[in-house]
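# Inside the fold
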Amino acid sequence: MKNFFKKDELKYLWPFYGDFLIATTLILYPAFFVIYLLNIDFTLTQIGFLMSTQALAMLLFEIPTGAVADIFGRKLSTILGYILMIITFIGMFLTKDFYMFLGLFFLLGISWTLISGAQVAWVVDLLKGKKREHLIEEYFIKKQSFMNISLFLAGIIGALIVKYFGLRVIFLVSALGMMIGLVFFLFGEEVFVKKKRKLKDHYKELISNTKEAFVYSSKHKVISYLMIITFISMVAVAFTSQMTWQPFFLDNGFQEHWFGYLFSAAMLLGIFVPYITKALLKASKKHKY
C-alpha cells in the first residue's frame, strides 16, 4: 500500500478516492434503470425520450454550469451536482409518472454537467496549487481503476438487492451512495482562483474553439476520418445500449437481478485497463519510430 500511493497522494486526494471506492459501490442506477422503467410499463419510445431529455439538458447546461464552477468554485459546483442527483434519485423512487420522470431526467442531465468538468478541474487546480503536478497522472489512472472496481462491486450488490427487495429500491440505494460521496467532498481541500469571465465569454470561447477545430480537421484528412469514425461509433453505441439488449434478454427469460452480475462482468476488465495503458505508454516512450 505504501508503494501503491505516492508521497502526499492520499493527503490531498483521499476524498476523491473515497468517493470512487466507497460511494460508487452503491450507485446501482446504471445497471437497472432501463429494466425498472420497462417494469413500470414505460415503452421503449418513452425511455428513449427520457434519455434524450437528459442528453438535451447536458447540451444546454454544459456552458452555464461551467461558468458556475469558474465563478463560485469547482468544489461548490461538484457539491451542488451531488445534491441535485440525490434529489433526482429520491424523486425517481417516489413517482411512476412519465412526465415527472421527464423532469427528473432533465435534472439528472444538469447535475452531470455540474459534476463532470468541475470535479476534474478541482483536482488539477489543487495539485498544481500544492506543487504536486506529478500526482495528476496518478489520479486519472487510479480514478478509472477505482471506479471500475466499485462498479464491479455495485453490480453484485445490485443483483442481491434487486433479488430480495425489488427494482424500485435501486434509486434509494443510489441516493445513499451520492450522500456518502457528498460527505467525502465536504472535507476536500480546494485551491481556487476566481475567473473574472462572464457567461457570454464562455460561449464566445466555445464558438471560437469549435471553428478552429473544424478548420484544422478539414485540412488534415486523418483527423477528419477519425472524427467521422468517432461519430459513427457514438451512434452505434447509442443503438446498442441498454435499450436494445436488455429488453431482448428479458424477453428470453433473463431474470432481473442477473443484470447486476452481467454489469459486474463488463466492469471487470476495466479495472486493469488503466494500468495496462500506462505500461504501454511508458514502453512507447522508450522506442521512437
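Residues numbered from 1 in each chain as written. Predicted model: local features only at pLDDT ≥ 70, side-chain atom pairs only at ≥ 80, totals over all residues. Heavy atoms only, no water.

### Things to note about the overall build of the protein
Rule in force here: Runs of E in the DSSP output that reach at least two residues are strands. Runs of H or I that reach at least four are helices, and both are numbered from the N terminus. A 1.4 Å probe rolled over the protein chains alone gives each residue an accessible area, and that area as a share of the maximum for its type sets the label: buried under 20%, exposed over 50%, partly exposed in between. The contact criterion used is simple: two residues touch if any of their non-hydrogen atoms lie within 4.5 Å. What sets the accessible areas is the Shrake-Rupley method with a 1.4 Å probe; for residues, cover comes only from the shown protein chains.
Of the regular secondary structure elements, the protein holds 12 helices and 0 strands. Mapped from its N terminus to its C terminus, the protein presents α and β elements in the order α-α-α-α-α-α-α-α-α-α-α-α. Residue burial in the protein is summarised as follows: out of 289 residues, 41% are buried. If you take every contact in the protein between residues at least 6 apart in sequence, the share linking residues at least 24 apart comes to 85%. With the model as given, the accessible surface of the protein reaches about 16500 Å², and the carbon-plus-sulfur share is 70%.

### Remarks on the packing of aromatic side chains
Heads up, the condition is: Think of it this way: a Phe, Tyr or Trp ring, Trp meaning its six-membered ring, pairs with another when their centres are within 6.5 Å, and the plane angle makes it stacked under 30 degrees, edge-to-face over 60, tilted otherwise. Comment: the charge-over-ring label is applied if NZ (Lys) or CZ (Arg) is within 6 Å of the ring centre and within 35 degrees of the ring normal.
The tally for this structure, following the rule as stated, stands at 24 aromatic pairs. Their ring planes at 80° and their centres at 4.8 Å tell us that phenylalanine 16 and tryptophan 122 sit as a pair that is edge-to-face. Of this pair, phenylalanine 16 sits in helix α1 (residues 9–21) while tryptophan 122 sits in helix α5 (residues 98–129), and the two are 106 residues apart along the sequence. Judged by its relative accessible area of 0%, phenylalanine 16 falls in the buried class. Arranged with centres 5.5 Å apart and planes meeting at 80°, the rings of phenylalanine 42 and phenylalanine 101 form a pair that is edge-to-face. Of the two residues, phenylalanine 42 sits in the loop between α2 (29–39) and α3 (44–72) while phenylalanine 101 sits in helix α5, which places them 59 residues apart along the sequence. The aromatic ring of phenylalanine 93 is capped on one face by arginine 168, whose charged end is 4.5 Å from the ring centroid.

### Side note on the pattern of salt bridges
Heads up, the condition is: Between Lys or Arg on one side and Asp or Glu on the other, a salt bridge is scored when a side-chain nitrogen of the former is within 4 Å of a carboxyl oxygen of the latter.
Throughout the structure, instances matching the rule amount to 7 salt bridges. Taking the shortest distance from any N to any O, the salt bridge between lysine 6 and glutamate 138 comes out at 3.5 Å. Separated by 132 residues along the polypeptide, lysine 6 in the segment before α1 and glutamate 138 in helix α6 (residues 135–165) bring together distant segments of the chain. Its relative accessible area of 6% is what places glutamate 138 among the buried residues. Through salt bridges with shared partners, a single ionic network connects Lys6, Glu9, Glu138 and Lys142.

### Quick word on the packing of α1 against α6
The cut-off we apply is this: Every axis corresponds to a line fitted to the C-alpha atoms, with the helix fit spanning only the stretch in contact, and the corresponding angles, defined between N-to-C directions, vary from 0 to 180 degrees. Here roughly perpendicular refers to angles of 65 to 115 degrees, roughly parallel to angles under 35, roughly antiparallel to angles over 145, and oblique to all remaining angles. Left-handed describes a crossing whose near helix is turned anticlockwise from the far helix by less than a right angle; the clockwise case is right-handed. Charged residues are taken to be Asp, Glu, Lys and Arg, nonpolar residues to be Ala, Val, Leu, Ile, Met, Phe, Trp, Tyr, Cys and Pro, and polar residues to be all remaining types, Gly included.
One way to put it is that α1 packs onto α6 with a least axis distance of 9 Å and a crossing angle of 25°. Judged on the interaxial angle alone, α6 and α1 are roughly parallel. Considering the relative orientation of α1 and α6, their crossing is right-handed. Residues Glu9, Leu13, Phe16, Tyr17, Phe20 and Leu21 of α1 form the contact with α6, whose own contacting residues are Leu135, Glu138, Tyr139, Lys142, Lys143, Phe146, Met147 and Ser150. Residues that form the contact of α1 with α6 fall into these classes: 9 nonpolar, 1 polar and 4 charged.

### Description of the environment of tyrosine 29
Mapped onto the elements, tyrosine 29 comes out in helix α2. Judged by its relative accessible area of 10%, tyrosine 29 falls in the buried class. Separated by 126 residues in sequence, tyrosine 29 and glycine 155 have C-alpha atoms that sit 9.9 Å apart.

### Concerning unusual backbone geometry
For aspartate 8, which is not a glycine, the phi torsion comes out positive at approximately 70°. Among the structural elements, aspartate 8 can be located in the segment before α1. Although it is not a glycine, lysine 131 adopts a positive phi angle of roughly 60°. With respect to the helices, strands and loops of the structure, lysine 131 is situated in the loop between α5 and α6. Exposure remark for lysine 131: the relative accessible area of 63% places this residue in the exposed category.

### A closer look at α6
This is how it is decided: Given a helix with a known number of residues, its expected span is that number minus one, times 1.5 Å.
The terminal C-alpha atoms of α6, which comprises 31 residues, lie 42 Å apart, in line with the 45 Å expected from a rise of 1.5 Å per residue. The first or second residue beyond α6 is glycine 166, which carries a positive phi of 95°.

### Considering α5
Applied cut-off: For the purposes of these results, a polar contact is taken to be a pair of N or O atoms within 3.5 Å, where, inside protein, one atom must be able to donate a hydrogen and its partner to accept one; residues adjacent in sequence count only when each atom of the pair is a side-chain atom.
Counted at 1.5 Å a residue, the expected span for α5 with its 32 residues is 46 Å, and the 46 Å between its end C-alpha atoms agrees. N-cap assignment for α5: the residue whose side-chain oxygen lies 3.1 Å from the backbone N of tyrosine 99 is aspartate 97. Lysine 131 occupies a position one or two residues after α5 and carries a positive phi of about 60°.

### What about the side chain of threonine 78?
Looking at where threonine 78 falls in the secondary structure, it is placed in helix α4 (residues 74–94). By relative accessible area, which is 0% here, threonine 78 ends up buried. The contacts of threonine 78, once residues within four sequence positions are left out, are Leu114, Ile115, Ala118, Gln119, Trp122 and Phe185.

### Re a nonpolar patch on the surface
Basically, it comes down to this: Patch membership needs two things, relative accessible area over 30% and no salt bridge, and members are linked within 9 Å if like-charged or within 5 Å if nonpolar (Val, Leu, Ile, Met, Phe, Trp, Tyr).
A contiguous nonpolar patch, built from Leu10, Trp14, Val183, Leu186 and Phe187 and spanning about 500 Å² of accessible area, is present on the exposed surface. As for its placement among the helices and strands, valine 183 is situated in helix α7 (residues 170–186). The exposure class of valine 183 is partly exposed, given its relative accessible area of 44%.

Treat this as a map of the structure, not an account of what it does.
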